Amino acid sequence: MAVIGLGKMGISHLSMVRALPGVEVVGIVDATTYLLGVLKKYTGLNTYTSLDKLLADVTPDAAIVATPSRLHYPMVKQLLGAGLSVFCEKPFTLASVEGDELVQLAAAKGLVTQVGYHNRFVGAFGEVKRLLDAGAIGTVTHGLAEAYGPVVLKPQGGTWRSKSTEGGGCLYDYAAHPLNLINWYLGEPDGVGGTVLNSVFSAEIDDEVSSTVYYPGGQTVSVSVNWSDESVRKMTTRITLWGTGGRIFADRQEVQVYLREDSVIPEGYQAGWNVRYTTELTEPVNFYLRGEEYTAQLAHFIERVERNETGGVNTFESAVVTDRLIERMIEDSKRGPRVLISDDVIKEPVKQSLPAKVRTAVASGIKRVRALLPGQK
């Protein structure tokens, strides 16, 4: 294998993949020569300052791409063209049309693909999928997808994560995780609405996201994500789903399940409240770093490469579904509010259907606002 990009995730992937059986790292790529020098000295690995140089020297079976998001498309395309299976960090691409192109290229060459949405390898989130597939809470009616963390707590810049053109921002870097989970549970959505991408401290990017996602079966999921939340110690992802037969809440630590008496009760569960902890639901891994799920996803990819198994968890195809949803949310946020509460919008017969006190209050409020904002529509 080769590892491309040696930032936070690249270094983590390098550490984990070197500890997995049957894997030899034949080269690492990064633009920072100082970092390459340190790794060369202490690991003896072959180092390269460009992907071109690596591919001219060695031909790995597979590669891990952990570069800034805007580089995913050109690098993955080059690797697929050279016949390598690819594990790419999330988000997959910054344009779903590029993702579709890479899906087709990988399929044409019969290559194994995977994207680093590690939450699908968290025991608690995997149990949610198993319960839904078993029909435990009946038909899902609506949900809540959340992620919070203390990432941006003051005005700052200077890294690719602080630039929208690089794929930075709360939507791409944080919200992508719960969005990917709800797509795993409910399939591809057919609409979004009321999306707000708000900057709290950042100048160029969004720090919090709120939206509603609509699914073909009539389900809706509210999205609430904020990476400027210092009330949590580290990234916290939560999923809550309500159904005709009960309710499921899950985070990285546990699954809380309420099942009605007439629900489909899976083995090991009972009517009423149930709790399953991630420690009960997680298989041990060869090497622990950051969480079992990070090693588990790499082990899954490697096993698929060894078997030349193109299907599996987190393929390029499934990642493009998340990329498309992110694009739609960005488009939706640019449209602004769906309905403005003004006397220009609340017209007959809607206006007349409102109680008289409400009509009077609205009209009075509009007059006061206009008095404060002369010349504004």
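So, how was this worked out
- Residues numbered from 1 in each chain as written.
- Predicted model: local features only at pLDDT ≥ 70, side-chain atom pairs only at ≥ 80, totals over all residues.
- Heavy atoms only, no water.
- Core = buried A, V, L, I, M, F, W, Y, C linked by side-chain atoms within 4.5 Å.
- Buried < 20%, exposed > 50% of the residue type's maximum accessible area, 1.4 Å probe, protein only.
- Helix = DSSP H or I, 4+ residues; strand = E, 2+ residues; numbered from the N terminus.
- Pairing = 2+ DSSP bridges.
- Right-handed = clockwise from strand over helix to strand, strands pointing away.
- Contact = heavy atoms within 4.5 Å.
- Axes fitted to C-alpha atoms, helices over the stretch in contact; angles between N-to-C directions.

**Student:** Outline the nonpolar core, listing residues and values.
**Tutor:** With 72 residues, the main nonpolar core has I4, L179, Y185 and F316 as its most contacted residues. Broken down by element, this core gets its largest block of residues, 12 residues, from helix α7 (residues 170-186). Judged by nonpolar contacts, the second largest core, of 22 residues, contains L6, L20, V23 and V112.

**Student:** Tell me what's going on with the pairing of strand β4 (residues 62-65), and back it up with residues and numbers.
**Tutor:** Every second residue of β4 is oriented toward a common face, with A62 and I64 on one face and A63 and V65 on the other, all of them buried. Note that strand β1 (residues 2-4) and β4 share 3 bridges and pair parallel. Across the sheet, the residue bridging to A2 is A63, located in β4. In this sheet, strand β5 (residues 85-88) lies alongside β4 in parallel orientation, the contact comprising 4 bridges. Within β5, the position partnered with I64 by the bridge is F87. In the classification by handedness, the crossover that spans β4, the intervening helix α4 (residues 72-81) and the parallel β5 is right-handed.

**Student:** Requested: an account of the sheet that holds β1, with residues and values cited.
**Tutor:** Ordered by their spatial adjacency, 6 strands build an open sheet running β3-β2-β1-β4-β5-β6, and the pairing between neighbours is parallel. Edge strands, defined here as strands with exactly one partner in the open sheet, are β3 (47-48) and β6 (113-115). Contacts between helix α1 (residues 8-18) and the sheet are confined to β1, β2 (27-29), β4 and β5, with β1 contributing the most and set at about 170° to the helix. Here α4 sits on the sheet in contact with β1, β4 and β5, set at roughly 160° to β5.

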